[in-house]
Amino acid sequence: TRSLTITSVDQSTFEKAQGEKVTLPCTFELSEEDEGPLDIEWVLIPADNQKKEQIIIMYSVDRVYNHYYAGLTGRMQFTNLDPRSGDGSLDILNLKAADTGTYQCKVKKAPGVQSKKIQLTVFVKPARTKCSIEGSQEIGKDVTLKCVSQEGSPLLSYDWRRVSGTQNLPATSVLNKNTGELLLKNASREYSGTYNCVASNRVGTDECSVELNVTPPINTAGIIIGAIIGTLLGLSVLCSIIFCLCKKHREKKYEKEVHHDIREDVPPPKSRSSTARSYIGSNRSSLGSMSPSNMEGYTKTPYSQVPSEDFERAPAQTPAFAPSKVAAPNLSRMGAVPVMIPAQSKDGSIV
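Remember, it's a predicted structure, so these values are computed and weren't measured experimentally.

**Considering the overall build of the chain**
Looking only at helices and strands, one finds three helices and 18 strands in the chain. Burial analysis of the chain (351 residues in total) assigns 31% to the buried set. Considering only contacts in the chain between residues 6 or more positions apart, those separated by 24 or more positions represent 58%. Here the chain has roughly 22800 Å² of accessible surface; of this, 53% comes from carbon and sulfur atoms.

Now the structure itself:
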């Protein structure tokens, strides 16, 4: 009995790059005996046999259902808008590495049932490839050029080439295509130049470059001597600064101590004007208590003489005044107000 058959049997394996588009073929033919409703299912078969198949898209009863698998939502569709025409192929857009897997197309139209498996592998192109130099770039030393791609599906292969000078790798070089390391033994000036690395896999390539400059050995002895001299000079300058700071600190401390001793031990000197005013003020009070009997002794004290700073007033005595007029001292020179001095007249009365 003739029944439904799948005609797309040519290719069952696809290798694509990330970001590309793939069409998984699934064409079929119906027979006269196939009278039931047409159902087309695409399922993802997991690598783990313990897991169940996952429906990703389905056509049933003249309707498309594509919400079963979130990982492909918005990126998959039937190639033919009307799968009843015999084309149930599937388009997957903007491929990702996670899309790698085994896909199966199932076509049902009772009593006929057929299926086909397709293996899809999504590779990531090499990207963000970086070149670097490891080791001392001195004559006679071993130098290693490294090349690593930050992105890219295995198996990645690395190849180095020289893009300046003779464009041939040095005779002593050793290349490891799996790790991307190029070892240059016993480097010489002729090894200097620009080197280019090409990282590749099945779906793409990426490149990077590095500049190698082989120079004579550095005079390490001179550098060490210079460092020692510089260190000693720095220490001497530091010691000088510390000595100056300590000396300045001691001088300030001595000045404070001397100033403190002067303030405590030596009283401030009295001014001449204040001494004179004190003397005159005391004599004023004495004048107020004068009587005719003590006026005679008072006249013996000269008022034109200003006492000095060392003047000390003698103990209070009762002066004897003579019955005569006493000339008023010139107090204006002392900055004092004139005072009227009492005197005794001939008849014995006080004037």
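**Some points on the state of the cysteines**
Tallying each qualifying case throughout the model produces three disulfides. Two residues, Cys26 and Cys105, share a disulfide whose sulfurs are 1.9 Å apart. Residues Cys26 and Cys105 are joined by a disulfide whose S-S torsion is about -70 degrees; by sign, that bridge is left-handed. In this pair, Cys26 is assigned in the loop between strand S3 (22-24) and strand S4 (28-29) and Cys105 in strand S10 (residues 101-109), connecting sequence segments 79 residues apart. Two residues, Cys131 and Cys208, share a disulfide whose sulfurs are 1.8 Å apart. Taking the torsion about the sulfur-sulfur bond, which here is approximately 75 degrees, the covalent link between Cys131 and Cys208 counts as right-handed. One end of the pair, Cys131, is in strand S12 (residues 127-134); the other, Cys208, is in strand S18 (residues 204-212), with 77 residues separating them in the sequence. Each member of the pair, Cys131 as well as Cys208, is classed as buried. Indicated for the chain is the disulfide connectivity 1-2, 3-6, 4-5, based on numbering the bonded cysteines in sequence order. Counting only cysteine sulfurs, Cys244 is the nearest neighbor of Cys246, a cysteine outside any disulfide, at a range of 9.3 Å.

**Details of the side chain of Ser173**
When you line up the elements, Ser173 lands in strand S15 (residues 173-176). A distance of 2.7 Å separates the side chain of Ser173 from the backbone oxygen of Pro170, its partner in a polar contact.

**Re the environment of Ile45**
Within the secondary structure, Ile45 sits in strand S5 (residues 38-45). Measuring from C-alpha to C-alpha, the distance between Ile45 and Thr102 comes to 5.4 Å, with 57 residues separating the pair along the chain.

How each quantity is defined
Residues numbered from 1 in each chain as written. Predicted model: local features only at pLDDT ≥ 70, side-chain atom pairs only at ≥ 80, totals over all residues. Heavy atoms only, no water. Helix = DSSP H or I, 4+ residues; strand = E, 2+ residues; numbered from the N terminus. Buried < 20%, exposed > 50% of the residue type's maximum accessible area, 1.4 Å probe, protein only. Contact = heavy atoms within 4.5 Å. Areas by Shrake-Rupley, 256 points an atom, 1.4 Å probe, with all protein chains shown as cover. Disulfide = S-S within 2.5 Å. Polar contact = N/O pair within 3.5 Å; in protein donor to acceptor, adjacent residues only side chain to side chain.

Distances and angles like these do not, on their own, reveal function.
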